[in-house]
Amino acid sequence: MVTFIYSFIMLAIQSASAGQGPPPPSQNRGAQLPIDDNIWILLVAGVLFGAYILFKRNRSINKAS
């Protein structure tokens with residue numbers, strides 16, 4: 001019974017605040033850095049990290065056998 005009353009009160013509070021809508025977006029935005037200009041850096045970093053993971057996994061398999 002307590003759960004029902006709690007749920008009913010929460011539903012009433014949410015219904016009252018739902019009519020207001022979301023707040024407007026903030027106009028205070030910092031400098032945005034485009035990712036498309038330097039995508040090659042991310043690709044190289046990903047390839048190097050993948051090679052590191054493969055090397056490390058291969059080394060641990062060779063030590064076990």
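Residues numbered from 1 in each chain as written. Predicted model: local features only at pLDDT ≥ 70, side-chain atom pairs only at ≥ 80, totals over all residues. Heavy atoms only, no water.

Topic: the overall build of the protein
Okay, so step 1: Scanning the protein from N- to C-terminus turns up 2 helices and 0 strands.
Okay, so step 2: Out of the 65 residues in the protein, the part that is buried amounts to 0%.
Okay, so step 3: Put simply, the protein shows about 6,600 Å² of open surface, and 68% of that area lies on carbon and sulfur atoms. (Helix = DSSP H or I, 4+ residues; strand = E, 2+ residues; numbered from the N terminus. Buried < 20%, exposed > 50% of the residue type's maximum accessible area, 1.4 Å probe, protein only. Areas by Shrake-Rupley, 256 points an atom, 1.4 Å probe, with all protein chains shown as cover.)

Section: a nonpolar patch on the surface
Okay, so step 1: A cluster of nonpolar side chains, namely Met-1, Phe-4, Ile-5, Tyr-6, Phe-8, Ile-9, Met-10 and Ile-13, defines an oily patch on the protein surface of about 920 Å² accessible area.
Okay, so step 2: Checked against the element boundaries, Met-10 lands in helix H1 (residues 2-18).
Okay, so step 3: Assessed through its relative accessible area of 33%, Met-10 is described here as partly exposed. (Patch = residues over 30% accessible without salt bridge, like charges linked within 9 Å, V, L, I, M, F, W, Y side chains within 5 Å. Salt bridge = Lys/Arg side-chain N within 4 Å of Asp/Glu carboxyl O.)

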